[in-house]
Amino acid sequence: MCGIAGVWGSSYASQYAFLQIYSLQHRGQESFGLSSSDGKEIRTIKKPGRVLEALKQEDLNYLKGSMAIAHVRYSTAGDSGATNAQPIVRKTDLGELAIVHNGNLVNYLSLRGELEARGVEFRYSSDTELFLALIDTGETFLPEGVKLHPRDREILPRLFYALSRVEGAYSFLMIAGDKLIAGRDPLGFRPLAVGRKGKTLLFASESCAFEIVEGDLWREIRPGEVLVVDEGGIRSYFPFDGAKRAQCIFEFVYFSRPDSFIFGEWAYEVRKELGRQLAREDDTEADVVVPVPDSGVVPAIGYAQEKGLPFEMGLIRNHYVGRSFIEPTQELRNLRVLMKLSPNRAVLKGKKIVVIDDSLVRGTTSKRIVNMLRRAGAKEIHMRIASPPVIGPCYYGIDTPTREELIANRMGLEEIKEFIGVDSLRYLSLEGLRSCVRERENFCDACFSNEYPIPVEKVAVSRRR
Ligand code: AMP
């Protein structure tokens, strides 16, 4: 998974982009990058690690210009490490182009093979390079009925060609000459929004990134929309609009920050509703509701409110450790769970507790947490998960493990209960999950349902880890 941010029309462009991408750090911690431009020259800095540690004041001084795009990476396709950090920059006959991308392209390998056979060169192993390589072929495509503004006649038919060839999930921001271009794939898998701060335009994966620069959400980029901004104004195009949508429901379950407005709703409200629905489906009685911080907190509030039970912080989080999942190896992930959470004996001792977490993926985190709760004296532990069992890997940008690693594919409910060591275990039903979003038909929930909006045969080849 990744986060992207952009700024157009400010002498503080790179500073704002830096702040925005910092507030999207939860979307990726492996590497960070920022490109800025004055409309003529693109300057880029890419570094491994997290934003605050990676970026230095001298970097910001170097990143001049009134436009900027930024990226935090959490590799889902391509090698990890700094080599595939974004923005990806490429010299073309249209000048230098820079792009940041969130999502996975599912026809990466075949398309790359085709282009390489035609002599197109690639420098990275990330699917994002495809956009610029396709533009670089010089081929054009103008969908019928699309009328181009004179300022867009050069770049857009080239970009539309690229978009007509790639398949899968993409929200992107691109610097092309004096323009900043934003776009979302027609199914709208990943979020992307545009905000305003006076005359400055802001772009970000999630609206929480506008707050940090005292900007306001203007609107979301619509699925299939390409938005161009330059001195001539803002222009919106829909080259490939279709009726079908596949917005990622896992963004609501886990990924997005709760204070973000995505897919037409506040993540906080949907997430709380997940907890309420979970409570409605559950007749367990308990003394106290305990969330697994941070991801279980909002659904636990909903659960506790629905049940009229006290909500208590029975697990305390050390805030100096990052998200445990975002580590490339299992061994590191295991260690991190213990570093991150500690049992609060004042709440737990002798109590019958309901523990709420957002999702159960491999089951290793929960096992360790339950162990902790028992050691601290909890009398009964009832684990409740605010989403259905994860049974399918994601091919559209969320880093889920392989099908075999998913605990719900390896064990039945009773076995999982034993493995984790709880007195009872219950998930939110699929129907219950779907009832928590307003437009259920517009969502992809393949990780819970195995119903993939883009056929799996096509995508299986391009999944690399
Ligand atoms: P586990 O069951 O040990 O694999 O850990 C599951 C926990 O990791 C969940 O409760 C989430 O909080 C978190 N999680 C689930 N999916 C992801 C993901 N794709 N990326 C990062 N964290 C995740």
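Throughout what follows, the structure given in this document is the object of discussion.

Cut-offs applied
- Residues numbered from 1 in each chain as written.
- Predicted model: local features only at pLDDT ≥ 70, side-chain atom pairs only at ≥ 80, totals over all residues.
- Heavy atoms only, no water.
- Core = buried A, V, L, I, M, F, W, Y, C linked by side-chain atoms within 4.5 Å.
- Buried < 20%, exposed > 50% of the residue type's maximum accessible area, 1.4 Å probe, protein only.
- Helix = DSSP H or I, 4+ residues; strand = E, 2+ residues; numbered from the N terminus.
- Domains from an automatic or database assignment.
- 1 Å grid on protein atoms, 1.4 Å probe; cavity = no way out; pocket = protein on both sides within 12 Å on 5 of 7 lines; lining within 4 Å.
- Points joined across faces, edges and corners; volume = space filled by probe spheres on them.
- Nonpolar A, V, L, I, M, F, W, Y, C, P; charged D, E, K, R; others polar.
- Salt bridge = Lys/Arg side-chain N within 4 Å of Asp/Glu carboxyl O.
- Pairing = 2+ DSSP bridges.
- Axes fitted to C-alpha atoms, helices over the stretch in contact; angles between N-to-C directions.

All right, on to the nonpolar core then. One finds Phe189, Phe250, Phe252, Tyr396 and Phe448 to be the most contacted residues of the largest nonpolar core, which totals 48 residues. Put simply, the parts of the chain that give this core at least two residues each are helix H8 (250–255), helix H9 (267–280), helix H10 (297–307), strand S20 (352–357), strand S23 (443–444) and helix H17 (446–449). Counting contributing residues per domain, this core is built from domain 1 (3–244) and domain 2 (261–440), each supplying no fewer than three. Membership of the second largest hydrophobic core comes to 34 residues, among which are Ile99, Leu115, Tyr124 and Leu130.

In this section: the layout of surface pockets. Estimates place the volume of the second largest pocket at around 230 Å³. Taken together, 15 residues make up the lining of the second largest pocket; nearest its centre are Glu220, Gln247, Phe263, Gly264 and Glu439. A per-class count over the lining of the second largest pocket returns four nonpolar, three polar and eight charged. Here the lining of the second largest pocket spans two domains, since at least three of its residues come from each of domain 1 (3–244) and domain 2 (261–440).

Okay, the pattern of salt bridges next. In the structure shown here, the tally under the stated rule is 34 salt bridges. Here aspartate 136 ties to arginine 90 by a salt bridge, and the two come within 2.9 Å at their closest N and O atoms. Note that aspartate 136 is positioned in helix H5 (residues 129–136) and arginine 90 in strand S5 (residues 88–92), a separation of 46 residues in sequence. Residue classification places arginine 90 among the buried residues on the basis of a relative accessible area of 14%. The salt bridge involving aspartate 93 is made with arginine 158; its shortest N-O contact spans 2.6 Å. Of the two residues, aspartate 93 is situated in the loop between S5 and strand S6 (95–102) and arginine 158 in helix H6 (residues 155–165); the sequence distance between them amounts to 65 residues. Residues participating in the shared-partner salt-bridge network are Arg151, Asp152, Asp178, Lys179, Asp230 and Arg235.

Our focus in this paragraph is the sheet that holds strand S3 (residues 42–48). One open sheet holds the seven strands; their spatial order is S3-S2-S4-S1-S10-S9-S11, and the pairing between them is antiparallel. A strand with exactly one partner marks an edge of an open sheet, and here the two such strands are S3 and strand S11 (216–220). In this sheet, adjacent strand axes meet at a mean angle of 15° when their direction is disregarded. Strand direction decides the pairing type here: strand S9 (residues 193–197) and S11, joined by four bridges, are antiparallel. Of the residues in S11, the one forming a bridge with valine 194 is arginine 219.

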